[in-house]
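# Structural description and commentary
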Amino acid sequence: MSEEKIPYKIYLEESEMPKQWYNVRADMKKKPAPLINPATLKPMTAEELGAVFCEELVKQELNETDRFIDIPQEIQDFYKMYRPSPLVRAYCLEKKLGTPAKIYYKFEGNNTSGSHKLNSAIAQAYYAKKQGLRGVTTETGAGQWGTALSMACSYLGLDCQVYMVKCSYEQKPFRREVMRTYGANVTPSPSATTEVGRKILAEFPDTNGSLGCAISEAVEKATTQDGYRYVLGSVLSQVLLHQSVIGIESKTAMDKYGIKPDIIIGCAGGGSNLGGLISPFMGEMLRGENNYRFIAVEPASCPSLTRGVYAYDFCDTGKVCPLQKMYTLGSGFMPSANHAGGLRYHGMSAILSELYDQGLMEAVSVEQTEVFKAAEQFARVEGILPAPESSHAIKVAIDEALKCKETGEEKTIFFGLTGTGYFDMYAYGAYNDGKMSDYIPTDEELQKSFNTLPEVK
Ligand SMILES: *Cc1c(COP(=O)(O)O)cnc(C)c1O
């Protein structure tokens, strides 16, 4: 199709919306390593996982063979409230940069929770409800996941208990209030409401908290209350599965207009948006049908892919979760408090870790001041005020577009714009005041954290 015909924004028709999620593991020859039980060092069974997670989600977690999994009609209906998300041609950014590259982004921030997290939240809440549970517990870092889950739970009439990393709880009161408005119960973590929280507080009374701590607390709460299970907003393979809706919509829209991305870029915290975004494209690559460059962008302050080790590790600080083989900084890693956005988890999705290890995906790390500079540049020409997390992808998309300017190549660059930055105005304020600094952990700090890795043969 000719250039002029490609609209600024491409929305799918209702009839074109995905009816199935895509499970990229089905096309991986070498699969991600299984979750293992820290006590027995054997792969976790469905029964063991079922004590913590909802039944249907356990099935999805362990499913490495079904390429497609039906999206239940109720979830499709919920998706229709805020999907499809637009695929936007960044004409204004291209012009501003003077690049011959074509830049596209998929914007996931058009819902009250403000990010892609709602795609998995509704799925997880749905399966919990279907199982007849009373409620779910979870952790939230920057607050997007907790917000998304509280929306999904209130829609379905489930109780929602959120452990929010303490520094975010204090820095982001508005996120907390959105969650409470949707009926969630929000506790700053670490807290005295759990055994593991009390233990962490006794050892580190001044801690700002971390995702790893909050996960431990939420898991404890799920397993000690009747009718509750734990849900997680990233990292797990089931979450990447649900997030494949982003990639499928993108690919459908691109195929319709004859657009083929050369480079696909996403920010990577636990890996869910990136995994979902690239899944259908990666599937083509794994089946030998097409070629793409995939780039994961992570903060230099929490560089699990670029400086971590590929090893079995705990998913949480309190060491109550199964062990997962992943790129990790060690479950004891505490990201610096001055880091402005999310993307603070010590590990990375097992699927993305394995793809990265196989050389199918690249990774780069960027510092937060340059990320905010890219965010500002983007906001001023494209209008959308991006989340700091998403801006990691913007930064690298701009870098790649500028490389094209030098070489004259007309590459097509596609990135995931995961959310809005409306709740990150303190961070923007620090940037605007010139008070933002970059923190990069030293090799010694990382080594100290690697020393806490469990020994698994
Ligand atoms: C949570 C979040 C991320 C990072 O999480 P992933 O699981 O790596 O996708 C990125 N952007 C936004 C806006 C988020 O809320």
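Bear in mind the structure is a predicted one, so any value in this text is a computation, not a measurement. (Residues numbered from 1 in each chain as written. Predicted model: local features only at pLDDT ≥ 70, side-chain atom pairs only at ≥ 80, totals over all residues. Heavy atoms only, no water.)

## Considerations on unusual backbone geometry
For the peptide bond that leads from R83 to P84, omega is -5°, which places it in the cis range. Among the structural elements, P84 can be located in the loop between α3 (73-82) and β4 (87-89). Here S189 and P190 are connected by a cis peptide whose omega angle stands at 5°. If you check the backbone angles, V235 has positive phi at about 65° while not being a glycine. In this fold, V235 is placed in the loop between β9 (228-230) and α11 (237-256). (Helix = DSSP H or I, 4+ residues; strand = E, 2+ residues; numbered from the N terminus.)

## Quick notes on the site of the ligand
Among the 18 residues in the neighbourhood of the ligand, the closest are listed as K117, S234, G269, S272 and T418. Taking G270, its main chain carries an N or O atom lying 3.1 Å from an oxygen atom of the ligand. Listed by contribution, the elements that provide at least two residues to the shell around the ligand are α12 (272-286) and α16 (388-407). When its residues are assigned to classes, the shell around the ligand shows four nonpolar, 12 polar and two charged. Residues from two domains meet in the shell around the ligand; each of domain 1 (9-16 + 83-113 + 238-450) and domain 2 (22-70 + 115-235) gives at least three. (Near = heavy atom within 4 Å. Polar contact = N/O pair within 3.5 Å; in protein donor to acceptor, adjacent residues only side chain to side chain. Nonpolar A, V, L, I, M, F, W, Y, C, P; charged D, E, K, R; others polar. Domains from an automatic or database assignment.)

## Here's the deal with the side chain of E108
Looking at the secondary structure, you find E108 in the loop between β5 (102-107) and α5 (118-130). Among the polar contacts listed, one links the side chain of E108 to the side chain of S85, at a separation of 2.7 Å. Not counting the four nearest positions on each side in its chain, E108 is found in contact with R83, S85, G114, S115, H116, N119, I246, L417 and T418. (Contact = heavy atoms within 4.5 Å.)

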